[in-house]
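# Analysis of the macromolecular model
Residues per chain are reported as follows:
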Amino acid sequence: MITPILMLGAGRMGGAMLEGWLAAGAFPASELMIRDPAPGPAALAAGQAGANLHPTDADISAARTVVLAVKPQLWRDAAAEMSAGLAADAVVVSIAAGVKAADIASAFAGRRVARVMPTTAVAIGQGTASIYADDAVARDRALALFQPLGVVVPLADENGMHAATAVSGSAPAYLYAFIESLEAAGITAGLSPEDAGRLARSTVTGAAALLATSGEEPNELRRQVTSPGGTTEAALNVLLGAKGLQVLMREAVGAAVRRSKELGA
């Protein structure tokens, strides 16, 4: 049994999950409990739909699934506050970056634990979620929570969660930063801010949609729009040069991996 679901923390990511579940009709709002001292718009909307924003101790003891969605620096406080009041067979699904499953299980009195690294696009059912659990029940619970929200990638090794965080969980921000930079470059090249914004955003979302639907590899799609001696090739000679995207991306992912490990220390 997956529900009732207790959400510990409903910030940006927790709120995105709530939005996605309600939009998909994955779980009735009445089966959702939210524990957050300052509930944001998504939590308040869930409350209006019937979610319990003020669960009592008795309500919390009925939770079958606990989503640990507080900031990584606060997870131990949440565990210390909530663990004693949870049912012994409640499953903990954590989205706290870098925090090891064994540490979470210990803090929650040995309960089953799954770790998940989702993206905020879960809010619109187009998210990506990396999942790790060494317990089949916990893995299935995490799958049930996130399959309605987009693509799920189960990992065989918990160490892979650091890389998954860097390549997926943090990566939407990389793309947004790229779009910001592309818009700024367009303005420098002579476009108005409005035109640069419309062109950059529409082009990127269209290219992403083509990648998702065509079945082609990214390098093949890149070749298809790169004429020898043309404008695209001139730009790619810069982007893929000795100090270009590949080097920068390896450095960026490496930095995110290191920070993920630090957060779990």
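First, a word on what this report is: a plain description of the structure on this page. (Residues numbered from 1 in each chain as written. Predicted model: local features only at pLDDT ≥ 70, side-chain atom pairs only at ≥ 80, totals over all residues. Heavy atoms only, no water.)

### Digging into the environment of Leu182
Relative to the elements of secondary structure, Leu182 occurs in helix α8 (residues 171-188). With a relative accessible area of 37%, Leu182 lands in the partly exposed category. For the pair Leu182 and Ala196, spaced 14 residues apart in the sequence, the C-alpha separation amounts to 8.1 Å. (Helix = DSSP H or I, 4+ residues; strand = E, 2+ residues; numbered from the N terminus. Buried < 20%, exposed > 50% of the residue type's maximum accessible area, 1.4 Å probe, protein only.)

### Details of helix α2 (residues 41-49)
In an α-helix, one turn spans 3.6 residues, which is why side chains three or four residues apart end up on the same side. Listed in full, the buried residues belonging to α2 are Ala42, Ala43 and Ala46. Down the axis of α2, the buried set is contained in an arc of 100°. They therefore lie on one face. Opposite the packed face of α2, turned more than 90 degrees from it, sit the exposed residues Pro41 and Gln48. On the buried face of α2, the contacting elements are α1 (12-24) and β2 (32-35). Just beyond α2, the residue with positive phi is Gly50, at close to 125°. (Arc of directions from axis to C-beta. Contact = heavy atoms within 4.5 Å.)

### What about the side chain of His162?
Positionally, His162 belongs in helix α7 (residues 160-169). Classification of His162 as buried rests on a relative accessible area of 11%. Apart from the residues within four sequence positions on either side, His162 is in contact with Gly98, Val257, Ser260 and Lys261.

### A few points about the nonpolar core
By size, the foremost hydrophobic cluster in this structure holds 34 residues, and its most contacted members are Met7, Met17, Trp21, Ile34 and Phe146. Of all the secondary structure elements, the ones that give two or more residues to this core are β1 (5-8), α1, β2, α2, β4 (91-94), β5 (113-118), β6 (127-132) and α6 (136-146). Not counting residues up to four positions away in its chain, the partners in contact with Ile34 are Met7, Ala10, Leu18, Ala43, Ala46, Ala51, Asn52, Leu53, His54 and Pro55. Counting 22 residues, the second-largest nonpolar core is a separate cluster that includes Leu68, Ala78, Ala90 and Ala101. (Core = buried A, V, L, I, M, F, W, Y, C linked by side-chain atoms within 4.5 Å.)

### Description of the pairing of β6
Across the six residues that make up β6, a large majority, five, are buried. Taken together, the four bridges between β5 and β6 define a ladder with antiparallel strand orientation. Its bridge partner being in β6, Val116 is matched across the sheet by Ile131. Where the polypeptide runs from β6 across α6 and back to strand β7 (residues 150-154), its parallel neighbour, the crossover connection is right-handed. (Pairing = 2+ DSSP bridges. Right-handed = clockwise from strand over helix to strand, strands pointing away.)

### What about the packing of α1 against α2?
Where α1 meets α2, the axes come as close as 8 Å, and the angle between the chain directions of the two elements is 35°. Crossing of α1 against α2: the hand is left-handed. Where α1 abuts α2, its residues Gly15, Leu18, Glu19 and Leu22 lie against Ala42, Ala43 and Ala46. (Axes fitted to C-alpha atoms, helices over the stretch in contact; angles between N-to-C directions. Left-handed = near helix turned anticlockwise from the far one by under 90°.)

### Focus on the layout of surface pockets
When its volume is computed, the largest pocket comes out at roughly 2,400 Å³. Forming the walls of the largest pocket are 50 residues, and the residues nearest its centre are Leu175, Phe178, Val204, Ala207 and Ala208. Taken together, the elements giving at least two residues each to the lining of the largest pocket come down to α7, α8, α9 (193-214), α10 (218-224), α11 (231-239) and α12 (245-263). The element best represented in the lining of the largest pocket is α9, accounting for twelve residues. Class assignment for the residues of the lining of the largest pocket results in 34 nonpolar, 14 polar and two charged. In this model, the second largest pocket occupies a volume close to 890 Å³. Listing elements by their share of the lining of the second largest pocket, those giving two or more residues are α1, α4 (75-82), β5, α7, α8 and α12. A breakdown of the residues in the lining of the second largest pocket according to their chemical character gives 20 nonpolar, eight polar and seven charged. (1 Å grid on protein atoms, 1.4 Å probe; cavity = no way out; pocket = protein on both sides within 12 Å on 5 of 7 lines; lining within 4 Å. Points joined across faces, edges and corners; volume = space filled by probe spheres on them. Nonpolar A, V, L, I, M, F, W, Y, C, P; charged D, E, K, R; others polar.)

### What to know about the pattern of salt bridges
Taken as a whole and assessed by the stated rule, the structure comprises seven salt bridges. Among the salt bridges present, the one from Asp89 reaches Arg64, with a minimum N-O distance of 2.4 Å. On the criterion of sequence distance, the pair formed by Asp89 in the loop between α4 and β4 and Arg64 in the loop between α3 (57-61) and β3 (65-68) is long-range, its members being 25 residues apart. Since its relative accessible area comes to 17%, Arg64 is described here as buried. Arg259 serves as the salt-bridge partner of Glu262, at 3.2 Å between the closest nitrogen and oxygen. (Salt bridge = Lys/Arg side-chain N within 4 Å of Asp/Glu carboxyl O.)

### Some points on unusual backbone geometry
Of the consecutive residues Thr3 and Pro4, the connecting peptide bond is found in the cis state with omega at 0°. You can see Pro4 is positioned in the segment before β1. Positioned with a positive phi, Ala109 is a non-glycine residue whose angle comes to about 60°.

### Focus: the environment of Val122
Turning to its location among the elements, Val122 is positioned in the loop between β5 and β6. Exposure remark for Val122: the relative accessible area of 1% places this residue in the buried category. Apart from residues lying up to four places away in sequence, Val122 is in contact with Met13, Ala16, Met17, Gly20, Gly127 and Leu149.

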